[in-house]
Structures are given as C-alpha cells and as structure tokens.
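Examination of the molecular architecture
Listed here are the chains, written in short residue letters.
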Amino acid sequence: MSGRVATTGSAGITAGIRLAEYTTSRVGGPAAGWVAAGSAEKATEAIRSIDAAGTPLLILGGGSNTLMADAGFPGTVVQLAFRGVEVLKETGESVHVRMAAGQDWDEAVAWTVAQGLTGLEALSGIPGSAGATPVQNVGAYGSDISRTLVSVQAWDRQAGELVELSHEDLRFGYRDSVIKRSMLDSTPRWVVLSVDFRLHRSGSIAPVRFAQLAQALGVDEGESAPLETVRHQVLRLRAGKGMVLDAQDQDTWSTGSFFTNPILPASVRAHLPGDAPAYGAGQDEDGEKLVKLSAAWLIDRAGFGKGFGLGPDEQAIAGARASLSTKHTLAVTNRGHASTADLLAIARTVRDGVEAQWGVRLHPEPVLVGCVL
Ligand SMILES: Cc1cc2nc3c(=O)[nH]c(=O)nc-3n(C[C@H](O)[C@H](O)[C@H](O)COP(=O)(O)OP(=O)(O)OC[C@H]3O[C@@H](n4cnc5c(N)ncnc54)[C@H](O)[C@@H]3O)c2cc1C
C-alpha cells in the first residue's frame, strides 16, 4: 500500500486509504474512513455505529465486483477481514460447511475439493470473499451457489439485529438475490457474516453441467469427472479468458464480466442473426418464454472486438489506458493507468453500440459506487 496517507482515529477508523488498492480493477479514489473488521462482532459494532451516526457505509470483501468512483467514497468502508471454514455437521454423505464472510472464496473452494467434497468445484477461480457470493448468486460453468447454499447469518441493518436467512428467504435469481435488491447507496440492508453450504462426499467425482467444460474433460455434458480434475480444468479455462486474478496479466484487472447476459422474451430472436446464441431461460409471470442471450456475442458482433479501447477524445484506438480484455469481450480492463472514468467510457460506448446494433440494452454486473454508467 505505497503512496497512501493514512491516519487512524480514536474509533479505529483510518482515513486516506485509496480504494484502488483494494479493488481488482485497481481504480477508485480515497475513502473518508476505513475499518478493517477482524471478526463478525467487530464488523457488527462498526456497522451499528456508522448507521447510528447516519453517515455513508460501504461493505467491502475482495473488491472484485465493485467499481469505485475516482472521487472516492465520502463515508466509511468496513472491510470484512475475518476468515475461516469449518465443518458444522456430517450426516452420511451430506456435509454442512460454514464459511466466514471475509474468507477468500477460491481458497475455500480449494479446501472443499481437497476434502473430497462435491458442490463448489465449478465455481473455482472466482475472486472475492465467501460473504459476497450470495449477493449476486455467484455462478460459472453451469453452476451457481444457490445449488448448495443452505442459509446465511447476517446483520439486518434495518431491524438492527442478527438474523438467519434461509435459501428460500434469499430469493435467488440469475446474478441476483434479495440482498442485491436491497442495495441502498451501494450497501445492502443485510450484511452477510457467514454462509452455510451443504456439500456431498461422493467418492471425489463431480457432475459436469457445461458443454465447454465437458469437452475439456473429455466427457459428455451430464456425466461425471474426477473432482480435482474438474477444478483444474475450470481454472485452466478461466485463465484462458483472463478470469483468474493474475497481477502480471492486465486482462484480469477488471470486475470480471462487466455486463450480465440479457434475459428477454424469446421473440427477441426474430431480430437477431440465426447464429446468435440463445438459451432457454424459463418463463415470465405471464407465461411468455424467455431466452438468455450471450452479452459477449452481442458485443463482439456489434463491432467491439477483444482489446477495443478508446483514446482521450473517445475515438477507438489501440494501446489505450482502458480497453476490453484481449481475451474476452465481456471484461472492461485497466491497462495500468486507467481511471474509473476511462473504464466507464468503454462500458458506455459498448452498451450504446450494442443497443444501436441489436436493440438490446446491456446492464452492468458490478456494483457502481458513486458513479453511473
Ligand atoms: C477476474 C474476475 C472474474 C470473475 N468471475 C466471476 C464469475 O465467474 N462469476 C461471478 O458470479 N462473478 C465473477 N466475478 C465477480 C466477483 O468476483 C464476484 O461477484 C464476487 O463474489 C465478489 O466478491 P467480493 O468479495 O470481491 O465483493 P466486493 O466487490 O467486495 O462487493 C461486491 C458487492 O457486494 C457487497 N458485499 C460484499 N460482501 C458482502 C457481505 N458480506 N454482505 C453483504 N454485502 C456484501 C458489497 O457492498 C458490494 O456492493 C469475477 C470478478 C473478476 C475480477
């Protein structure tokens, strides 16, 4: 953390920490206040007092799904810095595991795989904390955490009490949950303190639910493969797309996918070329069939290829401070000296270009703090 001017006040609040040092896009100005909470109790105490003072609060895990304003954050950031994974109960093949909110997610997944526990392996390599996974129902390679999550223990800022939210309470959707929908000024009503999963001892084999992964493993989709090998192949596939954090690889200096895949009435297909990927996504409340489109395909075929960047006058150029990843059109990346404004300019150009070309509006996946697209 070189170059920052940080001072610690009497309430354990540090001032002057640059958010760019705590986000995977490596952008964001200073936070007015910063509390590194080393336990769930410390986090709750800090949140209570910040809320009581009526000042802005931002909860931060690994900063991998948050885009911070260049101006910084005018309130206090509470960083959830408490870790741990424990087995709560084992009944037959079913193993109940609890993870602390600040626990590094991929380390926890690696631990479950090493224990021969099936259920989280397809979510290998996703950056960030365990506590943030229910916020947007983190998912990849045909899985998401709603498949194994049992409940979360959380601080309810509105009621001012500790609560347990069940899987049903969380009302998961695609990259969505009740927690994400409760976001008010970048901070949810419920702050997750720990997450419980039900995993399986299934002889170290795991089902494979994604065509590309199945192909890499040499099995058919729906078949099983050795658990360790599934994790290994997921990490390999992700690294090839710049989706595993690597300080040396600027294609990973991002928030991962910048846009969610649009879910729209199936009639949208009539306006798209026949080769546009569209997957069945259930029905809406009126019984109309829905399809999930590929945001990456829409972006690429609207003329924004890998590495697309903008110059100072917002004209497309090579070697820009910010660009789409050179490995994947869904990630907006910092090439070393980008600002949040640079990243947003790329995202805005892409969003508007896709809408002009296909009539489909893309929506951002990361939480934008103090800035708008
Ligand atoms: C290279 C890369 C690849 C990625 N790949 C994927 C992927 O495959 N699938 C996927 O779903 N996501 C992916 N992401 C996005 C991101 O990693 C996940 O959303 C992750 O769960 C965010 O965790 P975090 O701790 O970094 O969250 P943060 O960025 O710290 O926080 C995100 C939001 O959640 C809130 N929050 C954080 N912790 C808590 C808590 N304990 N309680 C309540 N609110 C909280 C924050 O206030 C903020 O609004 C990727 C990101 C990157 C950079």
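It should be emphasised that the depicted structure is a prediction, and the values quoted were computed from it without experimental measurement. (Residues numbered from 1 in each chain as written. Predicted model: local features only at pLDDT ≥ 70, side-chain atom pairs only at ≥ 80, totals over all residues. Heavy atoms only, no water.)

1. Description of the nonpolar core
Counting 43 residues, the largest nonpolar core has Trp 105 and Phe 197 as the members making the most contacts within it. If we skip the residues at most four places from it in the chain, Phe 197 touches Val 95, His 96, Val 97, Met 99, Trp 105, Leu 120, Thr 133, Ile 145, Thr 148, Leu 149 and Val 150. Membership of the second largest hydrophobic core comes to 37 residues, among which are Leu 298, Phe 304, Leu 310 and Leu 373. (Core = buried A, V, L, I, M, F, W, Y, C linked by side-chain atoms within 4.5 Å. Buried < 20%, exposed > 50% of the residue type's maximum accessible area, 1.4 Å probe, protein only. Contact = heavy atoms within 4.5 Å.)

2. Some points on the packing of aromatic side chains
On inspection of all chains with the given rule, the structure shows six aromatic pairs. When the centroid spacing of 5.3 Å and the interplanar angle of 70° are considered together, the rings of Tyr 141 and Phe 210 count as edge-to-face. Placement of Tyr 141 in the loop between strand 11 (139–140) and strand 12 (143–144) and of Phe 210 in the loop between strand 16 (205–207) and helix 5 (211–217) is noted, with a sequence separation of 69 residues between them. Classification of Phe 210 as partly exposed rests on a relative accessible area of 31%. (Phe/Tyr/Trp six-rings, centres within 6.5 Å; stacked < 30°, edge-to-face > 60°. Helix = DSSP H or I, 4+ residues; strand = E, 2+ residues; numbered from the N terminus.)

3. As for the pairing of strand 19 (residues 278–283)
Pairing of strand 19 with strand 20 (residues 289–293) involves four bridges; the strand directions are antiparallel. Within the sheet, the bridge partner assigned to Tyr 279 lies in strand 20 and is Lys 292. Connecting the antiparallel pair strand 19 and strand 20 is a turn made up of five residues, with Gly 287 showing a positive phi of about 85°. (Pairing = 2+ DSSP bridges.)

4. Remarks on the sheet that holds strand 18 (residues 263–265)
Taken in spatial order, the three strands of this open sheet run 18-20-19, and their pairing is antiparallel. The sheet is open, and its two borders are formed by strand 18 and strand 19, each paired with just one other strand. Strand-to-strand twist across the sheet, computed as the mean angle between neighbouring axes with direction ignored, equals 40°. (Axes fitted to C-alpha atoms, helices over the stretch in contact; angles between N-to-C directions.)

5. A closer look at the pattern of salt bridges
Side-chain pairs of opposite charge can arise whenever the charged atoms involved come near each other. Counted under the stated rule, the structure contains 16 salt bridges. The salt bridge involving Asp 51 is made with Arg 157; its shortest N-O contact spans 2.8 Å. Taken together, the positions of Asp 51 in helix 1 (residues 40–53) and Arg 157 in the loop between strand 13 (149–156) and strand 14 (161–166) put the pair 106 residues apart, joining distant regions of the chain. Measuring nitrogen to oxygen at the nearest pair gives 2.5 Å for the salt bridge that ties Arg 201 to Glu 90. (Salt bridge = Lys/Arg side-chain N within 4 Å of Asp/Glu carboxyl O.)

6. What about the site of the ligand?
Close contacts around the ligand come from 35 residues, with Ile 59, Gly 61, Ser 64, Thr 66 and Ser 129 the closest. In this structure, Gly 61 approaches the ligand through a main-chain N or O atom, which is 2.7 Å from an oxygen atom. For the ligand, an oxygen atom lies 2.7 Å from a polar atom in the backbone of Gly 62. When isolated, the ligand has an accessible area of 980 Å², and the protein chains bury 97% of it. Counted by class, the shell around the ligand contains 16 nonpolar, 16 polar and three charged residues. (Near = heavy atom within 4 Å. Polar contact = N/O pair within 3.5 Å; in protein donor to acceptor, adjacent residues only side chain to side chain. Areas by Shrake-Rupley, 256 points an atom, 1.4 Å probe, with all protein chains shown as cover. Nonpolar A, V, L, I, M, F, W, Y, C, P; charged D, E, K, R; others polar.)

7. Here we look at the UniProt feature "active site" (unreviewed entry) in the protein
UniProt tags Arg 175, Ser 257 and Glu 365 as "active site" (unreviewed entry). These residues run over 191 residues, yet every pair of their C-alpha atoms falls within 11.2 Å of each other. Relative to the helices and strands, Arg 175 resides in the loop between helix 3 (167–170) and helix 4 (178–181). Setting aside residues up to four positions removed in sequence, Arg 175 forms contacts with Gln 136, Asn 137, Val 138, Gly 139, Ala 140, Lys 180, Thr 260 and Glu 365. A polar contact is formed between the side chain of Arg 175 and the backbone oxygen of Asn 137, at a distance of 3.3 Å. Residue position: Glu 365 is located in the loop between helix 8 (340–358) and strand 25 (367–369). With sequence-adjacent residues up to four places away left out, Glu 365 is seen in contact with Asn 65, Gln 136, Arg 175, Lys 180, Ser 257, Phe 258, Phe 259 and Thr 260. Here the side chain of Glu 365 touches Gln 136 through a polar contact of 3.0 Å, side chain to side chain. (UniProt positions renumbered as here; feature names shortened; annotations may be inferred.)

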